[in-house]
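What the coordinates show
The lines below spell out each chain.
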Amino acid sequence: MPVAEDLEAPVRERTLNPLTDGLGSSARAHEHRLLSAARPALPFLNWLGMFAKPLIKVPGLGWITADPLTARAVLTDPDHFTLLSEGGVGHLWAQILGDWVYDLFDGPGHHDLRTRSRELFTEKTSAAFVERAWGGRIEDARRAFEAGEDVDLADLSRILVGQMVVTLLGMPAEDSDEAYREIFRTGEELAATALGTTADTVLPPEKIAAAKVIVEKLTGHIDAVFPTASGDTIIGRCRDLGLTLQETKGLSTLLMVAGTETAASAMARTAALLFDTGEQHALIAKPSLLENAVREALRVTSPAPIIGRSVLADLTIGRHTLRAGERIVVLTWTANNLAGAYRVDRDYIPQNRQLWFGAGRHLCLGGPLARAELSMIVQLLVGDGQPFRVVSRRYGKGVLIPAYESLVVRKVTSPVSR
Ligand code: HEM
């Protein structure tokens, strides 16, 4: 039996404790170190979350909850919670993009925008986007990987996500790995604006100015292409769906921020999980579990580990009264991981649904795209029926979204290539 399976076996029998099991199994230990490297406070926050049933108040941070049902109740209650006031991402982005964000992110304009963009990422359009954006590059990677070469999946994920952005937004960019890495870095830079805002979302003027320059770099081309962009780019589709130029630019910025680091994080971490837990063997034995494998990877990695909201109006949850103006942090990583370790044969968990994509009116718009991207990566890894192993790994330090900086994988049956 492969070593990775031996490591995972005892974990299946126990109830998960994110703190102690984090140190007991290979997969948990790596996820734990990955979260610490990204933000040292994260594992502590996640551990605190175990006591947040349904919620507790943490001095300096506000309320926290890791209870899936409470989390959903918060995210689906726009009368009592908002992301627009200080403490939410809407407030953060309004300072950079302008006051129209207040309407488009959470106001009446948001409902309108979501209604019109509902068809933007369906299972079908997403699979087509992935095929079109990645087809050639994935084939190159597959050939190299199956021939026994090492592939740095973290680097490849950043390249692929950069390529996806260029394709979706119809950006003028050179067709090279380095150009796509650069696009990814720019998106990362923009998202980094949110770093350090868990407790306070008021940005200093210099951060606002720097972020505006990046937004212009990423979306400046849209003014010119908007009238003529092809219907198979997001810009063309937004226009065809009746979105205005401003809405299209705003949504494009959101896509960059919400859908780049999260997706890249999930891709490499999925590879690590498949190897560390030994679950790749179960998937190879039963390829029809692909959809499960992807859903489980999203649950266990929960690449957006926390979601912040502000309390709009007083309300009572359990025996606690939350006051208008207070903050609440939904610990999605903890809420999702309390359900157990990564198992490709685990059924859908009704209580958690897809909490890794949030819930309610801000439920991730790109969920189907993220799933299509992950499916492609899992197929790249084990689609030929042969297992792979992780040769080396490095965790990303001080990053907003916990992610591998490097994760080198190699086919087990292939000759050693270096
Ligand atoms: C594994 C990958 C991803 C994860 C874990 C993820 C997670 C999330 C979460 C948790 C939210 C809700 C945030 C909140 O309520 O404050 C969200 C919103 C959003 N996501 Fe994703 N996301 C992923 C990939 C993507 C992709 C690929 C795209 C598109 C290219 C995307 C576009 C969006 C947008 C536009 C929103 C804002 C929706 C709104 O406010 O109405 N995401 N995502």
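Further up the page is the structure itself.
On a predicted model such as this, the values are computed, not experimentally measured, just so you know. (Residues numbered from 1 in each chain as written. Predicted model: local features only at pLDDT ≥ 70, side-chain atom pairs only at ≥ 80, totals over all residues. Heavy atoms only, no water.)

A short note on the overall build of the chain
For clarity, the threshold we go by: To qualify as a helix, a DSSP run of H or I must reach at least 4 residues; to qualify as a strand, a run of E must reach at least 2; elements of each kind are numbered from the N terminus. For the radius of gyration, the atom set is restricted to C-alpha positions; the globular benchmark scales as 2.2 Å times the number of residues to the power 0.38. Only protein chains enter the accessibility calculation, which uses a 1.4 Å probe. A residue is then buried if its area is under 20% of the maximum for its type, exposed if over 50%, and partly exposed in between. What makes two residues a contact is simply this: any of their non-hydrogen atoms within 4.5 Å.
When you go through the chain residue by residue, the secondary structure sums to 20 helices and 10 strands. Against the globule reference of 22 Å for 418 residues, the chain gives a C-alpha radius of gyration of 21 Å, in line with a compact fold. Structurally, the chain occupies a C-alpha span of about 60 × 55 × 35 Å along its principal axes. Within the chain, the fraction of its 418 residues that count as buried is 58%. The long-range share in the chain, meaning contacts at least 24 apart out of those at least 6 apart in sequence, stands at 71%.

Let's talk about the coordination of the iron atom of the ligand
Reference geometry at the metal: tetrahedral coordination by four donors gives ideal angles of 109.5 degrees; octahedral coordination by six donors gives 90 or 180 degrees. Put simply, the rule reads: In this analysis a donor is any N, O or S atom within 2.8 Å of a metal ion (3.2 Å for sodium, potassium and calcium), and since water is not included, sites may seem incomplete.
Coordination of the iron atom of the ligand by the protein involves just one donor, C364 (SG), at a distance of 2.3 Å. Take C364: it is sitting in the loop between α19 (332–337) and α20 (367–382).

Side note on the packing of aromatic side chains
Basically, it comes down to this: Ring pairs shown here join Phe, Tyr and Trp side chains whose ring centres sit within 6.5 Å, with only the six-membered ring taken for Trp; geometry is labelled stacked below 30 degrees between planes, edge-to-face above 60, and tilted in between.
Evaluated as defined, the whole model comprises four aromatic pairs. By way of ring pairs, the aromatic residues F44, W47 and F51 are connected into one cluster.

Here we look at the sheet that holds strand β8 (residues 327–331)
Note: strands within a sheet are paired through backbone hydrogen bonds, in either parallel or antiparallel orientation. We count it as follows: Strand pairing follows a simple DSSP-based rule, namely that at least 2 bridges must link the two strands.
The strand order β1-β2-β8-β5-β3 describes an open sheet built from five strands, whose pairing is mixed. Looking at strand neighbours, the two that pair on one side only are β1 (56–58) and β3 (81–82), the edges of this open sheet. Note that strand β2 (residues 62–65) and β8 share three bridges and pair parallel. Opposite T65, over in β8, you have V330 as the bridge partner.

Considerations on the site of the ligand
Worth spelling out the cut-off: For this description, a residue counts as near a given molecule or strand if any of its non-hydrogen atoms is within 4 Å of it. Definition of a polar contact: a pair of N or O atoms within 3.5 Å, with one able to donate and the other able to accept a hydrogen when the atoms are protein atoms, and with sequence-neighbouring residues admitted only if both atoms are side-chain atoms.
Near the ligand, the surroundings consist of 24 residues, among which H110, R114, R309, H362 and C364 are the closest. With respect to the ligand, the side chain of H110 contributes an N or O atom lying 2.7 Å from an oxygen atom. Contributions of two or more residues to the shell around the ligand are made by α8 (108–116), α15 (245–259), α16 (261–276), β5 (306–311) and α20.

A look at the packing of helix α3 (residues 26–38) against helix α4 (residues 41–49)
Defined as follows: For helices, the fitted line uses only the C-alpha atoms of the stretch in contact; every axis is such a line through C-alpha atoms, and the angle between N-to-C directions lies from 0 to 180 degrees. Oblique is the label for any angle not under 35 degrees, not over 145, and not in the 65 to 115 range, which are roughly parallel, roughly antiparallel and roughly perpendicular in turn. Three classes are used: nonpolar for Ala, Val, Leu, Ile, Met, Phe, Trp, Tyr, Cys and Pro, charged for Asp, Glu, Lys and Arg, and polar for all others, with Gly counted as polar.
Running from N to C, α3 and α4 point in directions that differ by 120 degrees, and their axes come no closer than 6 Å. Comparing their axes, α4 and α3 come out oblique. On α4, the residues touching H32, L35 and S36 of α3 are L42, P43 and N46. Class assignment for the residues of the contact of α3 with α4 results in three nonpolar, three polar and no charged.

A few points about the side chain of H320
Locating H320 in the fold gives a position in strand β7 (residues 320–322). Residue classification places H320 among the buried residues on the basis of a relative accessible area of 15%. Excluding its chain neighbours within four sequence positions, the residues that come into contact with H320 are L55, W63 and L315.

Some remarks on the sheet that holds strand β9 (residues 388–395)
Strands sit in the order β4-β10-β9 across an open sheet of three strands; the sheet is antiparallel. Looking at strand neighbours, the two that pair on one side only are β4 (151–152) and β9, the edges of this open sheet. Pairing geometry for β4 and strand β10 (residues 404–411), over two bridges, is antiparallel. Bridge assignment links V151 to a residue of β10, and that residue is V409.

Digging into unusual backbone geometry
With a phi angle near 30 degrees, S302 is a residue other than glycine that sits in the positive phi range. Note that S302 resides in the loop between α18 (290–301) and β5. Given the relative accessible area of 1%, S302 is considered buried.

Observations concerning the environment of G148
Relative to the assigned elements, G148 resides in the loop between α9 (123–146) and β4. By relative accessible area, G148 is classed as buried at 0%. When the C-alpha atoms of G148 and R410 are compared, they prove to be 6.4 Å apart, with 262 residues separating the residues in sequence.

Here's the deal with the side chain of T301
Following the sequence through the fold, T301 ends up in helix α18. Within the local environment of T301, its side chain forms a polar contact with the backbone oxygen of A297, the two atoms lying 2.6 Å apart. If we ignore the near neighbours within four places in the chain, the residues touching T301 are E31, A266, R269, L273 and W333.

Description of the environment of R371
Looking at the element boundaries, R371 is found in helix α20. Classification of R371 by relative accessible area gives partly exposed; the value is 25%. In this structure, the C-alpha to C-alpha distance between R371 and G236, residues 135 residues apart in sequence, is 23 Å. In contact with R371, other than residues within four places in its own chain, are E123, V294, L298, Q354 and F357.

Focus on the pattern of salt bridges
Put simply, the rule reads: Whenever Lys or Arg places a side-chain nitrogen within 4 Å of a carboxyl oxygen from Asp or Glu, that contact is recorded as a salt bridge.
Summed over all chains, the structure comprises 23 salt bridges. Between K57 and E326 there is a salt bridge, with the nearest N and O atoms lying 2.7 Å from each other. Residue K57 is found in strand β1, and its partner E326 is found in the loop between β7 and β8; the two are separated by 269 residues along the sequence. Taking relative accessible area as the criterion, K57 reaches 48% and is therefore assigned partly exposed. Where R181 meets D155, a salt bridge forms, and the shortest distance between an N and an O atom there is 2.7 Å.

Some thoughts on the nonpolar core
Condition: In this description, a nonpolar core means a group of buried Ala, Val, Leu, Ile, Met, Phe, Trp, Tyr and Cys residues linked to one another through side-chain atoms lying within 4.5 Å.
If you look at the biggest cluster of nonpolar residues, it comprises 96 residues, and the most contacted ones within it are F121, W134, L153, I234, L381 and L407. Ranked by the residues each element gives to this core, the list is headed by helix α10 (residues 153–169), at 11 residues. With 16 residues, the next largest nonpolar core counts L55, L75, I307 and I328 among its residues.

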